[in-house]
Amino acid sequence: MAGMALASCDDFLTELPTDAIADEEAFSSAKDFTNNLNGVYNNFGRYQFYGRNVVCLGDAASDLVYHDNKSGNFQVLAMWQVESTNGELQEIWEYGYKVINNSAKIIKAGEEADFPESEMATVYGCMAQAYGLKALAAFTLANIFALPYNDANRNTSGIVNVTEPIEAFQQISRATLADNYTLILSDIARAKEYFAREDVEIPGYYYINPAALHALEAKVKLYMRDYAGAIQAAKAALDERGSSLVNTAESYDAMYTSNVVSQEDIFTVVKSATDNPGAGSLSTMYPFYGLHISEEVLTEYAGTDIRAELLNNGDGGKYVGTSEGADAHNIPVLRLPELYLTLAEAYAAQGNYAEAKEYLSVICSARDAGFDPAAVAESESVIADIRQARKLELIQEGHRLFDARRWGIKIDVVKGRYKNFDPSLFAYPIPQTEVNAGFGVVQTEGWEQTLPR
């Protein structure tokens, strides 16, 4: 989107091999669908999107992580010196829409494909993954550039919905937040339908797969406060994944110090040592380019907690690197423990505190040998325990700021410089280049007034 709003708009549509899909003869065989889908995955995992920026934003702008000012990398957003011309926000918007628009091209081409039946299963599998990537990228952008979903915000401006590939110089506009979420859920449903077609191969956990679709649906519905829907989708994801949580320090450390898919991964982005090295790597951002887990947060892990050693290593926590290199690591996008936390939160929101405690205890017992379930009350107070568990479990994975927004809780940011900030009132500005292009995307009015002060 931003790419087509700039002078490089033609490049956005024609650049090859990974940034875009050429319009001429781009889908002349089933193999072309696979190749073009790989390009979409590449853009999704680039440092401009989920390979760094999105994950950094959710923690660096929260109360869990701070920037030490030793480097300019991600410093501005971590310090809450937000402007509509910020480069990282521009990159998130641009690469998010590269994922969305090129996924839409794969979907449209698949609908028009007329290959031998033996090849159509490959096409349908690519369409399923394209629908899933499109939904995930749209959900990510909506949470950054629009307000949190609730009854009061349903009709506020969201992001641009893409149902057909957007061409250069096409007039576009922002949909309502409610319409964004409707399309996201529709895309997830369509992805499930294509995975269910005959002979469609189910990919592994480096790719969008049926378990990932259920997990994404659970997350979307939790954010929408559709707690019954979140519970149903989370249970479906658990059944589909069919795995369990690790419960030793060695196995926990191994999940983050190896590029091998772990038993807790549902969808993960793998980064090699040569992929976005240096400033483009989360293992460089933590800590060499200035990001650190807050010392106050680290003290909240019990001495019997299997996560404590890795997070206290001083060398990047979950992004310490692997035997393949300092810049090689996986980036978890959807994980098993998030499902247990979703179930706990959704049951608690329904007032079913016994079930909430049960699912909270699953994860707390696995992570902390000293955890005592009897210390958790079957009452409304379990909500605070669940929120604490989400904070400690999902740190460095880009969740915290958006959890605080949807919960409507106030946080202290920039290492306490700004106190009692209410992120539920804030949405990041649309990149100014997109607004200035004049193709219909308007800025969020008054966004500056809700910055922390």
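Since this is a predicted model, take the numbers as computed values, not measurements.

Engineer: Pulling in residues and values, what's your account of the overall build of the protein?
Structural biologist: When you go through the protein residue by residue, the secondary structure sums to 19 helices and 6 strands. Relative to the 2.2 N^0.38 estimate, which gives 22 Å for 453 residues, the radius of gyration of the protein is 21 Å and therefore close to what a compact globule would have. In terms of principal-axis extent, the alpha carbons of the protein reach across some 60 × 50 × 45 Å. Looking at the protein residue by residue over its 453 residues, the buried ones come to 60%. A separation threshold of at least 6 residues defines the contact pool for the protein, and within that pool the share at least 24 residues apart is 73%. Of the side-chain charges in the protein, 35 are positive and 63 negative, and the distance between the mean point of each set is 6 Å.

Engineer: Describe the environment of L147, with residues and values.
Structural biologist: Here L147 is to be found in the loop between α7 (117-145) and α8 (177-195). Taking the C-alpha atoms as reference, L147 lies 22 Å from L394; in sequence the two are 247 residues apart. Apart from residues no more than four positions distant in its own chain, L147 is found in contact with A142, N153, T156, L177, R405, S424, L425, F426 and A427.

Engineer: Go over the environment of P116, please, and point to the residues and values.
Structural biologist: By secondary structure assignment, the location of P116 is in the loop between α6 (87-112) and α7. You can call P116 partly exposed: its relative accessible area is 46%. A C-alpha to C-alpha distance of 50 Å links P116 and A349, two positions 233 residues apart in sequence.

Engineer: Outline the packing of aromatic side chains, listing residues and values.
Structural biologist: For the structure on display, the rule yields 25 aromatic pairs. The interplanar angle of 20° and the centroid separation of 6.0 Å between the aromatic rings of Y131 and Y194 together place this pair among those described as stacked. Placement of Y131 in helix α7 and of Y194 in helix α8 is noted, with a sequence separation of 63 residues between them. Looking at Y194, the relative accessible area reads 5%, which means it is buried. An angle of 35° between the planes, with centres 6.4 Å apart, marks the rings of Y340 and Y359 as tilted. Within this pair, whereas Y340 is found in helix α15 (residues 336-349), its partner Y359 is found in helix α16 (residues 353-367), the two being separated by 19 residues in sequence. Counting every residue linked through ring pairs, the aromatic cluster contains Y41, F44, F49, Y50, Y207 and F267. Here K98 stacks its cationic end above the ring of Y95, 4.2 Å away from the centre of that ring. When the ring centre of Y223 is taken as reference, the NZ or CZ atom of R406 above it lies at 4.8 Å.

Engineer: Kindly report on the packing of helix α3 (residues 30-45) against α7, identifying the contributing residues and their values.
Structural biologist: At a minimum axis distance of 9 Å, the contact between α3 and α7 shows a crossing angle of 20°. Considered as vectors, α3 and α7 are oriented roughly parallel to each other. In this structure, α3 crosses over α7, and the sense of that crossing is left-handed. Residue-level inspection shows A30, F33, T34, L37, V40, Y41 and F44 of α3 in contact with α7, the latter providing E119, T122, V123, C126, Q129, A130, L133 and L136. When the residues that make up the contact of α3 with α7 are grouped by side-chain class, the tally is 11 nonpolar, 3 polar and 1 charged.

Engineer: Residue-level account of empty space enclosed by the protein, with values.
Structural biologist: Tallying each qualifying case throughout the model produces 6 cavities of 30 Å³ or more. Space inside the largest cavity adds up to approximately 150 Å³. Of all elements in the fold, only α7 and α9 (210-223) reach the threshold of two or more residues within the lining of the largest cavity. It is α7 that contributes the most residues to the lining of the largest cavity, 5 residues altogether. Residues of the lining of the largest cavity, tallied by class, amount to 7 nonpolar, 4 polar and 2 charged.

Engineer: Go over the pairing of strand β6 (residues 418-421) with me, naming the residues and quoting the values.
Structural biologist: Here 2 bridges tie strand β5 (residues 411-413) to β6, and the two strands are oriented antiparallel to one another. Its bridge partner lying in β6, V413 is registered against Y418. Hairpin connection of β5 to β6: 4 residues between the antiparallel strands, including V414 at a positive phi of 55°.

Rules used throughout
Residues numbered from 1 in each chain as written. Predicted model: local features only at pLDDT ≥ 70, side-chain atom pairs only at ≥ 80, totals over all residues. Heavy atoms only, no water. Helix = DSSP H or I, 4+ residues; strand = E, 2+ residues; numbered from the N terminus. Rg over C-alpha atoms; globule rule 2.2 N^0.38 Å. Buried < 20%, exposed > 50% of the residue type's maximum accessible area, 1.4 Å probe, protein only. Contact = heavy atoms within 4.5 Å. Lys, Arg positive; Asp, Glu negative; His and termini not counted. Charge placed at Lys NZ, Arg CZ, Asp CG, Glu CD. Phe/Tyr/Trp six-rings, centres within 6.5 Å; stacked < 30°, edge-to-face > 60°. Lys NZ or Arg CZ within 6 Å of the ring centre and 35° of its normal. Axes fitted to C-alpha atoms, helices over the stretch in contact; angles between N-to-C directions. Parallel < 35°, antiparallel > 145°, perpendicular 65-115°, else oblique. Left-handed = near helix turned anticlockwise from the far one by under 90°. Nonpolar A, V, L, I, M, F, W, Y, C, P; charged D, E, K, R; others polar. 1 Å grid on protein atoms, 1.4 Å probe; cavity = no way out; pocket = protein on both sides within 12 Å on 5 of 7 lines; lining within 4 Å. Points joined across faces, edges and corners; volume = space filled by probe spheres on them. Pairing = 2+ DSSP bridges.

By themselves, these are just geometric observations and shouldn't be taken as functional.
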